[in-house]
Amino acid sequence: MLKITDLRANVDDKEILKGLNLHVPPGEVHAIMGPNGSGKSTLAHILAGREGYEVTKGEVLLEGESLLDLAPEERAYRGVFLAFQYPVEIPGVNNTYFLKAAVNALRRHQGQPELDAIDFLGLVREKLEILHLDESLLKRGVNVGFSGGEKKRNEIFQLALMEPKVAILDETDSGLDIDALKDVAKGVNALRGPEFSAIVVTHYQRLLDHIAPDRVHILSEGHIFRSGGIELAHELEAKGYEGLVRTEAGS
Amino acid sequence: MSAPTPTDTLSAGAKAYIEAFAEREDELPGRGLKWLHDARREAIDFFSRTGFPTQRNERWKYTNVAPIEKRSFDLNRKVPLPSRTPLSGDLWTEGDRQALRLVIDDGIVNPALSNLDGLPQGLFVKGLAEAIDVESVGLTLAPGFALESKLTRIAPARNDAFCALNTALMDSGAVIFAPPGTVLERPLHLIFRVGSGEKALFPRILIAAGAGARMTVIEHFSGPADADYLENAVTEIDLAEDAALRYIKMQRSGSKSWHLATLRARIEARAEFRSSVLSLGARLCRHDIDIELQGEEARCSLDGLYLADGRRHTDFRANIEHTFAHCKSDVYCKGIAAGRGRGVFNARAHVHPDAQKSEAHQTNRNLLLSRDAEIDTKPQLEIHADDVKCSHGATVGQLDDQALFYLRSRGIDLESARAMLTLGFIRDIVERIEDPDLRRMIGKATLAHLPGMGLDGELSEAFT
Ligand SMILES: Nc1ncnc2c1ncn2[C@@H]1O[C@H](COP(=O)(O)OP(=O)(O)OP(=O)(O)O)[C@@H](O)[C@H]1O
Ligand SMILES: [Mg+2]
C-alpha cells in the first residue's frame with residue numbers, strides 16, 4: 001500500500017530524515033516509536049504534503065504511484081489521512097461546515113454523490129457516538145476551545161468520517177485518559193480491513209495494547225533503526241531508547 | 001443674494017462646487033428656512049476657505065482625495081423627473097416584502113418601493129426634502145421635535161470639507177424621530193440606490209431618539225458597477241437619555257464610485273449607540289466618525305469591517321470624546337487588504353479629566369492577502385483621567401499556514417481553504433449583529449464581496 005524508499009529530507013538545510021525505508025502492506029498497521037526529535041512528525045507531515053520540507057532523495061509510493069509531487073488535498077483524495085499531533089484551532093470556521101465541506105470534497109473526487117444536510121447529519125451522529133463526542137462540539141470553531149483530549153478524539157472522528165486508505169496517527173494517544181485511548185483504538189480498529197493501512201506514531205506501548213500492530217519500527221536519527229513485532233515495543237518499554245541502542249551496539 | 005467669491009487659490013474642481021451652490025441655492029430644500037439657509041451659506045463659505053483636504057491635513061494623512069477634486073461630476077442634476085428611468089438596483093430587502101424601508105433613488109424618495117406601514121405611534125420617517133418642507137411652511141414635524149436644533153447642529157459644517165459640502169448641497173436623505181419611550185421592533189432600512197451617470201449625491205440622514213426610545217436603522221448604499229459617481233453622505237445621530245440605537249451601515253456602492261461618509265453622534269446619559277459599519281464597495285471609501293458621550297454611563301460600540309481588494313482604498317476614522325464619568329466605548333474593526341488595496345484604520349478615544357471610571361477599548365485586526373496590499377493602523381488613547389480602564393491593540397497578519405495545511409489535508413482545495421479562513425476572520429463582525437434575520441442578510445451580502453468566495457452554495461449557508 002505505502003512504500004517509502006531511502007527518503008531524505010531537510011528542514012532549513014538541516015537533514016532530518018536520513019534515508020528512511022518503510023513498507024506498509026495493505027491491511028497492516030505499523031507502529032513507529034522513537035525518541036523526541038527523531039523525525040516522526042517530520043515523516044508524517046511529508047507524507048501528508050506539508051510545505052517547508054525539502055525532499056532531497058527517495059520516493060514515496062501509494063499503491064505504486066508517487067505522492068511527493070501532489071498537493072495535500074490531492075493526497076487526501078487518494079486516501080491519505082493525517083491525525084495531527086497538534087490539531088490546529090481555526091477560529092471562525094464552523095466545525096460542521098468544515099466537516100461537510102471535507103467529506104463532500106472527498107466524495108466529489110472519488111466519484112460519489114455529495115451528501116445533503118440530512119444524510120451528513122446521520123453519518124456524523126453515528127461516528128460521534130463511537131468517539132463519545134458531544135454534538136455541541138460541532139457548532140464550535142474547528143478545535144477552538146476543545147480540550148486536549150477532545151482535539152484528539154476529533155481527529156479520529158474525522159478519520160472515521162473520511163475512511164482513508166492510509167492513516168497516519170501522530171501521537172494521537174498523547175495526553176489521553178484511558179477511556180479516550182480506548183475510543184481512539186476503537187475508531188482505528190473499526191476501519192481495519194484488507195483495504196486499510198495505518199502508521200501509528202506513539203511513545204507508549206499502552207495504545208498498542210488496544211491496536212495490535214502488525215509491525216513495530218524504531219525511528220532514530222532520521223531512519224528506521226530497528227523493526228520487529230509487538231515484542232519490540234515491550235523491549236523498548238523495559239530498556240528505553242538508550243538501552244535499545246546499547247543492545248544493538250553490543251549484538 | 002450673491003454667492004461667495006471663490007478664493008483664487010482654489011482649484012477649478014473645488015470652484016465647481018461653489019458655483020453649483022450659487023446656481024442651486026434658491027431651489028435647494030429649505031430656502032425659506034433662515035436657519036437652514038444660513039447653515040448652507042456658512043458651509044459653502046467654510047469650503048471656499050478650505051477647499052478639499054490634502055494629505056498634509058492630519059485627518060486625511062492616509063487618504064488622497066485629489067482624484068475626486070479633479071473629476072467633474074454632474075452637480076446640478078437638472079434631469080426632469082419624468083425622464084428618469086426607474087432604477088433596477090439592489091432593493092436589499094427583497095426577501096422581505098414587509099420590511100420597513102425608505103427607498104431613495106438618485107436622491108429622490110421612491111414611494112412605490114418604500115414601505116413605512118405600521119410604524120409605532122408618533123415615530124416618523126420622512127424624506128429629507130419632505131421633512132424640511134413641512135418645517136418651511138411653519139408646521140412642526142412632531143411635538144417635542146425641533147429640526148432646527150439638530151439638523152446641521154450635530155454635524156456642523158466646520159467639521160470637515162466634505163461635511164461642509166454636504167451641508168451646502170444636501171437635497172436628499174431622511175429624517176427619523178422616535179419620541180420618548182417609543183420602541184421600533186423591526187429594523188428600518190434606508191436604501192440608497194444610484195442610476196448611471198457621473199453624478200454627485202449629498203444624502204443627509206438625521207436620526208433622533210427621545211428619552212428611552214429604541215430602534216434599529218440600516219443604511220444600505222449600492223449602485224451600478226461601472227458608474228463613476230460621488231456619494232458624500234452625512235449622518236447625524238442624537239440619542240436622548242436611556243435611548244438605544246442599533247445602527248448598521250452597508251456600503252456596497254459601485255466599484256468605480258467614491259463614497260465619503262461623515263457620522264456624528266451625541267449620546268446622552270445611559271443611552272447606547274451600537275454601530276456596525278461594513279465597507280465593501282466603492283473605489284475609495286472613507287468613514288469619518290465622531291462620537292460624543294455626553295452624559296454618565298453613555299455607551300458606544302463601533303464595529304467595523306473594511307475590504308480593500310483590487311485597487312480599492314478604504315479609510316475608517318473614529319474619534320470618541322469621553323466627557324463624563326462611567327462611559328464606555330468599544331471600537332472593534334477588522335480589515336482585509338488584497339490585490340493592490342489599501343486599508344486605513346485610525347481611531348482615538350479621548351478621556352477628559354472628569355471622565356473617571358471610563359472604559360475605552362480599541363481593537364483592530366487586519367488580514368493582508370497580498371504582497372502589494374497595504375494596511376495602516378493607528379489606534380490611539382488620549383487619557384486625562386486616572387481611574388480608567390483602557391486598552392488598544394492592532395494586528396496585521398496573513399492567513400495561517402498551519403490552518404491552511406490542516407484544511408487541505410482534509411481534502412479542501414487551496415482556494416476554498418483560503419476562502420474559509422477569510423470568512424473565519426470576519427465572522428465575528430457579522431455575528432455581533434444580534435437580529436438573526438439581519439445577521440443572515442448581512443452575512444450573505446458580505447460574503448459576496450469577499451475575495452475568492454466562489455459562493456459554491458455551501459459558503460452562503462455559513463451564517464445562520
Ligand atoms: N519547521 C522546523 N524548523 C526547524 N526545525 C524543525 C522544524 N520541524 C522540525 N524540526 C526539527 O526536526 C527534528 C525532528 O522533529 P519532529 O517534530 O519530526 O520530531 P518527532 O520525532 O515528531 O518528536 P516528538 O516525539 O517530540 O514529537 C527536530 O530536531 C526539530 O527541531
Ligand atoms: Mg512529533
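Counting of residues starts from 1 at the beginning of each chain's written sequence and follows it residue by residue. As a convention, the first chain written is A and the first ligand written is 1, with the rest following in written order. A pLDDT threshold of at least 70 governs which residues receive local features in this predicted model, and a stricter bar of 80 or more applies before side-chain atom pairs are shown or counted, although totals over entire chains, interfaces and linings include all residues. For the side-chain quantities, the full set of heavy atoms in the structure was used; hydrogens and water were omitted.

Focus: the sheet that holds strand E2 (residues 108-109) of chain B
Residues and elements named next belong to chain B. The pairing criterion is simple: DSSP has to find at least two bridges between the two strands. Secondary structure elements are defined from DSSP: runs of H or I of at least 4 residues count as helices, runs of E of at least 2 residues count as strands, and each element is numbered from the N terminus. Reading across the sheet, the ten strands line up as E2-E1-E5-E8-E10-E12-E14-E16-E18-E20 and stay open at both edges, with mixed pairing between neighbours. On the outer flanks of this sheet lie E2 and strand E20 (389-397), each paired with one strand and no other. Where strand E14 (residues 299-308) and strand E16 (residues 328-337) come together, ten bridges link them in parallel fashion. Across the sheet, residue Ser 301 finds its bridge partner in E16, namely Asp 330. Any two residues having at least one pair of non-hydrogen atoms within 4.5 Å are treated as being in contact. For helices, the fitted line uses only the C-alpha atoms of the stretch in contact; every axis is such a line through C-alpha atoms, and the angle between N-to-C directions lies from 0 to 180 degrees. Where helix H7 (residues 414-431) meets the sheet, its contacts fall on E14, E16 and strand E18 (359-368), and the angle it forms with E16 comes to roughly 160 degrees. Contacts from helix H8 (residues 436-449) reach strand E5 (188-193), strand E8 (214-222), strand E10 (244-252), strand E12 (272-279) and E14 within the one sheet, and its direction differs from that of E10 by about 25 degrees.

Digging into the coordination of the magnesium ion (ligand 2)
For the magnesium ion (ligand 2), every protein donor is listed as Ser 41 of chain A (OG) and Gln 85 of chain A (OE1), and the spread of their distances is 2.0 to 2.2 Å. Placement of the pair is Ser 41 of chain A in helix H1 (residues 40-48) and Gln 85 of chain A in the loop between strand E6 (80-83) and strand E7 (90-94), with a sequence separation of 44 residues. Any N, O or S atom lying within 2.8 Å of the metal counts as a donor, with the limit raised to 3.2 Å for Na, K and Ca; because water is left out of the atom set, some sites can appear incomplete.

Brief notes about the pairing of strand E1 (residues 100-105) of chain B
Residue and element names in this part refer to chain B. With six of six residues buried, E1 is to be regarded as a mostly interior element. Each residue's exposure class comes from its accessible area (1.4 Å probe, protein chains only) as a fraction of the maximum for that residue type: buried when under 20%, exposed when over 50%, partly exposed otherwise. Of the two faces of E1, the one carrying Leu 100, Leu 102 and Ile 104 and the one carrying Arg 101, Val 103 and Asp 105 are both buried. Note that E1 and E5 share six bridges and pair parallel. Looking across to E5, one finds that Leu 100 is bridged to Leu 188.

Regarding the environment of Ile 237 of chain B
All names here are of chain B. By the element assignment, Ile 237 lies in strand E9 (residues 230-239). Ile 237 sits in the buried class, given a relative accessible area of 0%. For the pair Ile 237 and Ile 267, spaced 30 residues apart in sequence, the C-alpha to C-alpha distance is 8.1 Å. The contacts of Ile 237, once residues within four sequence positions are left out, are Ile 154, Ile 207, Leu 245, Tyr 247, Leu 263, Arg 264, Ala 265, Arg 266 and Phe 273.

Focus: H7 of chain B
Working note: α-helix, 3.6 residues per turn, so residues spaced by three or four point in the same direction. To estimate how far a helix should reach, multiply one less than its number of residues by 1.5 Å. Over its 18 residues, H7 of chain B extends 25 Å from the first C-alpha to the last, a length consistent with the 26 Å expected when each residue adds 1.5 Å. Residues Ala 417, Ala 419, Met 420, Leu 421, Thr 422, Leu 423, Gly 424, Phe 425, Ile 426, Arg 427, Ile 429 and Val 430 of chain B constitute the buried set of H7 of chain B.

A few points about the interface of chain B and chain A
Across the contact, 20 residues belong to chain B and 36 residues belong to chain A. Buried area is a sum: the accessible area each of two parts loses on coming together, probed at 1.4 Å, counted once for each and added. Where chain B abuts chain A, roughly 2,200 Å² becomes buried across the two surfaces, and 62% of that area is made up of carbon and sulfur atoms. By definition, a salt bridge exists where a carboxyl oxygen of Asp or Glu is found within 4 Å of a side-chain nitrogen of Lys or Arg. Taken together, the links from chain B to chain A amount to three salt bridges. Put simply, Arg 408 of chain B and Glu 51 of chain A hold a salt bridge, and the shortest N to O gap is 3.8 Å. What qualifies as a polar contact is a pair of N or O atoms within 3.5 Å, subject to a donor-acceptor requirement within protein and to the restriction that residues adjacent in sequence count only when both atoms come from side chains. Summed over the shared surface of chain B and chain A, the number is ten residue pairs in polar contact (both at pLDDT 80 or more). Of all the secondary structure elements, the ones that give two or more residues to the side of chain B that touches chain A are helix H6 (401-409) and H7 of chain B. In terms of residue count, the dominant contributor to the side of chain B that touches chain A is H6 of chain B (seven residues). Amino acids are sorted into nonpolar (Ala, Val, Leu, Ile, Met, Phe, Trp, Tyr, Cys and Pro), charged (Asp, Glu, Lys and Arg) and polar (every other residue, Gly among them). Of the residues that constitute the side of chain B that touches chain A, the class distribution is nine nonpolar, four polar and seven charged.

Here we look at the pattern of salt bridges
Residues and elements named next belong to chain B. Tallied over the entire structure, the rule returns 54 salt bridges over all chains. Note that Arg 41 and Glu 25 form a salt bridge whose closest N and O atoms lie 2.6 Å from each other. Taken together, the residues Arg 41 in helix H2 (residues 34-50) and Glu 25 in the loop between helix H1 (12-24) and H2 connect sequence positions 16 residues apart. As far as burial versus exposure is concerned, Arg 41 and Glu 25 are alike and both buried. The partner of Lys 334 in a salt bridge is Asp 428, with the nearest N and O atoms 3.0 Å apart. Here Lys 334, found in strand E16, pairs with Asp 428, found in helix H7; they are 94 residues apart in sequence, far enough to count as distant. Using a relative accessible area of 7% as the deciding quantity, one classes Lys 334 as buried. Using a relative accessible area of 24% as the deciding quantity, one classes Asp 428 as partly exposed.

Thoughts on the packing of helix H5 (residues 148-162) of chain A against helix H6 (residues 178-191) of chain A
All names here are of chain A. The N-to-C vectors of H5 and H6 enclose an angle of 15 degrees; their axes lie 10 Å apart at closest approach. Comparing their axes, H6 and H5 come out roughly parallel. Relative to H6, H5 is oriented so that their crossing is left-handed. Of the residues in H6, those in contact with Arg 153, Ile 156 and Leu 159 of H5 are Asp 179, Ala 180, Asp 183, Val 184, Gly 187, Val 188 and Leu 191. Here the residues of the contact of H5 with H6 are counted per class, giving six nonpolar, one polar and three charged. Any angle that falls under 35 degrees is termed roughly parallel, while one over 145 is termed roughly antiparallel, one within 65 to 115 roughly perpendicular, and all others oblique. In a left-handed crossing the near helix is turned counterclockwise from the far helix by less than a right angle, and in a right-handed crossing that turn is clockwise.

Overview of helix H4 (residues 128-136) of chain B
All names here are of chain B. All buried positions along H4 are accounted for by Leu 128, Ala 131, Ile 132 and Glu 135. Down the axis of H4, the smallest arc covering the buried residues is 95 degrees, so these residues share one side. Where H4 is buried, its residues touch H2, strand E3 (124-127), strand E4 (172-178) and strand E7 (203-209). An arc is given here, and it is the one of the directions from the helix axis to the C-beta atoms.

A word on the pairing of E16 of chain B
All names here are of chain B. Counting buried positions along E16 gives eight out of ten residues, so the element sits mostly inside the fold. As defined by bridge partners, E16 adjoins E18 across ten bridges and the pair is classed as parallel. Each residue of the ladder has a partner; that of Ala 337, found in E18, is Leu 368.

Describing the site of ligand 1
All names here are of chain A. Residues in close proximity to ligand 1 total 15 residues, the closest being Gly 37, Lys 40, Ser 41, Thr 42 and His 203. Within the side chain of Lys 40, an N or O atom sits 2.7 Å from an oxygen atom of ligand 1. Here an oxygen atom of ligand 1 and a backbone polar atom of Ser 41 are 2.8 Å apart. Elements that contribute at least two residues to the shell around ligand 1 include exactly strand E2 (14-24) and H1. Sorting elements by how many residues they give to the shell around ligand 1 places H1 first, with three residues. By residue class, the composition of the shell around ligand 1 is three nonpolar, eight polar and four charged. Distances are taken per atom, and a residue is near a molecule or strand as soon as one of its heavy atoms is within 4 Å of it.

Quick look at the sheet that holds strand E11 (residues 215-220) of chain A
Residues and elements named next belong to chain A. One open sheet accounts for six strands, arranged E6-E9-E10-E3-E11-E12; its pairing is mixed. Among the strands making up the open sheet, the edge pair consists of E6 and strand E12 (223-228). Neighbour to neighbour, the strand axes of the sheet diverge by 20 degrees on average, direction disregarded. By the bridge criterion, five bridges tie strand E9 (residues 166-170) to strand E10 (residues 197-201) in an arrangement that is parallel. Note on E10: the bridge partner recorded for Ile 168 is Ile 199. Contacts between H1 and the sheet are confined to strand E3 (29-33), E6, E9, E10 and E11, with E6 contributing the most and set at about 145 degrees to the helix. Where H5 meets the sheet, it contacts E6 and E9, and its direction lies at approximately 165 degrees from that of E6.

What to know about the domain arrangement of chain B
All names here are of chain B. On domain assignment, one finds that chain B holds domain 1 (12-294) and domain 2 (401-464). Domains are outlined according to an automatic or database domain assignment. The straight-line distance from the C-alpha centre of domain 1 to that of domain 2 is 31 Å. If you look at the interface, domain 1 gives 14 residues, while domain 2 gives nine residues. Together, the buried faces of domain 1 and domain 2 total about 1,100 Å²; carbon and sulfur atoms form 70% of this surface. Across the contact surface, domain 1 and domain 2 share two salt bridges.

Remarks on the packing of aromatic side chains
Geometrically, a pair of aromatic rings is defined through the distance of the ring centres and the angle of the planes. Residues and elements named next belong to chain B. Between rings of Phe, Tyr and Trp, where Trp is taken as its six-membered ring, a pair exists when centres lie within 6.5 Å; planes separated by under 30 degrees are stacked, by over 60 edge-to-face, and by other angles tilted. Summed over the entire model, instances satisfying the criterion amount to 14 aromatic pairs over all chains. Aromatic ring contacts, followed pair by pair, group Tyr 17, Phe 47, Phe 52, Trp 60 and Phe 162 into a single cluster. In our convention, an over-ring charge means Lys NZ or Arg CZ found within 6 Å of a ring centre and within 35 degrees of that ring's normal. We note Lys 334 situated over the ring of Phe 425; from NZ or CZ to the ring centre the distance is 4.9 Å. The side chain of Arg 432 reaches across the aromatic face of Tyr 332, ending 4.2 Å from its centre.

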